Amino acid sequence: MSWNPTQNPECPLDSLDSIETLIIPRARDLGGFEVRRALPAPKRQMVGPFIFFDQMGPAEFLTGGGIDVRPHPHIGLATVTYLYKGEFHHRDSTGADQMVYPGEVNWMIAGNGVTHSERTSDEMRTRPGSLFGIQTWVALPEHAEDSDASFEHHGREALPFIDEGGKQVRLILGSAYGATAPVKTFTETFYADAVLAAGAKLPLPDNHEDRGVYVSEGSVTIAGDTFEAGRMMVFRPGDRITLTAGERGARLMVLGGETLNGPRYISWNFVASSQERIDAAKEAWRQGDWAHGRFQLPPGDDAEFIPLP
């Protein structure tokens, strides 16, 4: 997915005692496939280091259908792909060639530059399919912006899982609830998939500077206020927050961590601490020197690419 300033979500002006910012994503139809973008928002560029947050789907595909995100570049961020339903075939310029399925995580550190694609596999296209998941970007601290690109995949069994009191929590990144995920991160962070039965309660970690929750399915109540699916709530540092699932239960993404030392520049697929870094990356992609330049196309998926807008 790419950032587009015309897709900014809404931040209602109504004051709610329990939260600092309420974000309502705008939906965008990509031709039978809907995306809802919560970050960046007008009042909130980031939650902790998370600078981009897209809900993909839910979508259903006929036989032969699917998603084709052609090769495109990134700098200054790490991408996180996490699915509820369906699959993606990831290829990138580090040589990674990896399927990702529900409950698994693909973590790609762009650093100074990486190119990748994500597509529905040929095997999945032989039958009707579905897709539902979350795509996020984590902005890198300045000391990691010039790091080499790298890729990690971790299966369901490798991610910490808590199952108690009507709640199931899978930790995707960072540390929370007494557990630590195996993914390499550069700053203090947490990111988890939480499934709550009706009436189940989930306290938010209170040892992180910045904390937010996105409701993917169902609803939650916080201090008497109810929030339906498609809402992101960002909370004040230090407040003790407990979420209660509604009568249909809830599925949530909880996220946050240490804030960076300042805002980031963001343009197309690039994130950086300076406009000069953005401009240099755009020029390198525009030149298209795949053999000797800054960006190379993914092995096995180098027949096409997304041009600079």
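The name an unreviewed UniProt entry gives the protein chain is Pirin family protein, with Paracoccus broussonetiae as the organism. In its Sequence similarities (unreviewed entry) section, the UniProt record describing the protein chain reads: "Belongs to the pirin family."

A.B. asks: I'd like to hear about helix 1 (residues 275-287), residue by residue, with values.
C.D. replies: Here helix 1 contains 13 residues, and its C-alpha end-to-end distance of 19 Å stays within 8% of the 18 Å for a straight helix at 1.5 Å per residue. Downstream of helix 1 by a residue or two, G288 has a phi angle that is positive, lying close to 65°.

A.B. asks: Kindly report on the UniProt feature "domain: Pirin N-terminal" (unreviewed entry) in the protein chain, identifying the contributing residues and their values.
C.D. replies: Mapped onto the present numbering, the UniProt feature "domain: Pirin N-terminal" (unreviewed entry) falls at residues 33-138. With 0% helix and 60% strand, residues 33-138 has end C-alpha atoms that lie 24 Å from one another.

A.B. asks: Outline the packing of aromatic side chains, listing residues and values.
C.D. replies: Per the stated rule, a full pass over the model turns up twelve aromatic pairs. Taking 5.1 Å as the distance between ring centres and 45° as the angle between the ring planes, the aromatic pair formed by F50 and Y191 counts as tilted. Of this pair, F50 sits in strand 4 (residues 50-61) while Y191 sits in strand 16 (residues 189-196), and the two are 141 residues apart along the sequence. Of the residues examined, F50 reaches a relative accessible area of 0% and is grouped as buried. Owing to a relative accessible area of 0%, Y191 belongs among the buried residues under this scheme.

A.B. asks: Before we move on, could you go through the UniProt feature "domain: Pirin C-terminal" (unreviewed entry) in the protein chain and cite the residues and values that matter?
C.D. replies: With numbering aligned to this structure, UniProt lists the feature "domain: Pirin C-terminal" (unreviewed entry) at residues 191-289. For the annotated span residues 191-289, helix accounts for 13% and strand for 54% of the residues, and the straight-line distance between the end C-alpha atoms is 36 Å.

A.B. asks: Can you lay out the pattern of salt bridges for me, pointing to particular residues and giving the numbers?
C.D. replies: One pass over the full model with this rule turns up 17 salt bridges. Ionic pairing is found between R277 and D146, a salt bridge with its closest N-O pair at 3.0 Å. Here R277 is found in helix 1, whereas its partner D146 is found in the loop between strand 11 (129-139) and strand 12 (150-154), with 131 residues between them in sequence. According to the relative accessible area criterion, D146 is partly exposed, its value standing at 48%. In this structure, the salt-bridge partner of R251 is D193, at a minimum N-O distance of 2.7 Å. Here the residue R251 occupies a position in strand 21 (residues 242-257), and D193 occupies one in strand 16, the gap between them amounting to 58 residues. By relative accessible area, R251 is classed as buried at 19%. For D193, a relative accessible area of 3% gives the class buried.

Analysis parameters
- Residues numbered from 1 in each chain as written.
- Predicted model: local features only at pLDDT ≥ 70, side-chain atom pairs only at ≥ 80, totals over all residues.
- Heavy atoms only, no water.
- UniProt positions renumbered as here; feature names shortened; annotations may be inferred.
- Helix = DSSP H or I, 4+ residues; strand = E, 2+ residues; numbered from the N terminus.
- Expected span 1.5 Å × (residues − 1).
- Phe/Tyr/Trp six-rings, centres within 6.5 Å; stacked < 30°, edge-to-face > 60°.
- Buried < 20%, exposed > 50% of the residue type's maximum accessible area, 1.4 Å probe, protein only.
- Salt bridge = Lys/Arg side-chain N within 4 Å of Asp/Glu carboxyl O.

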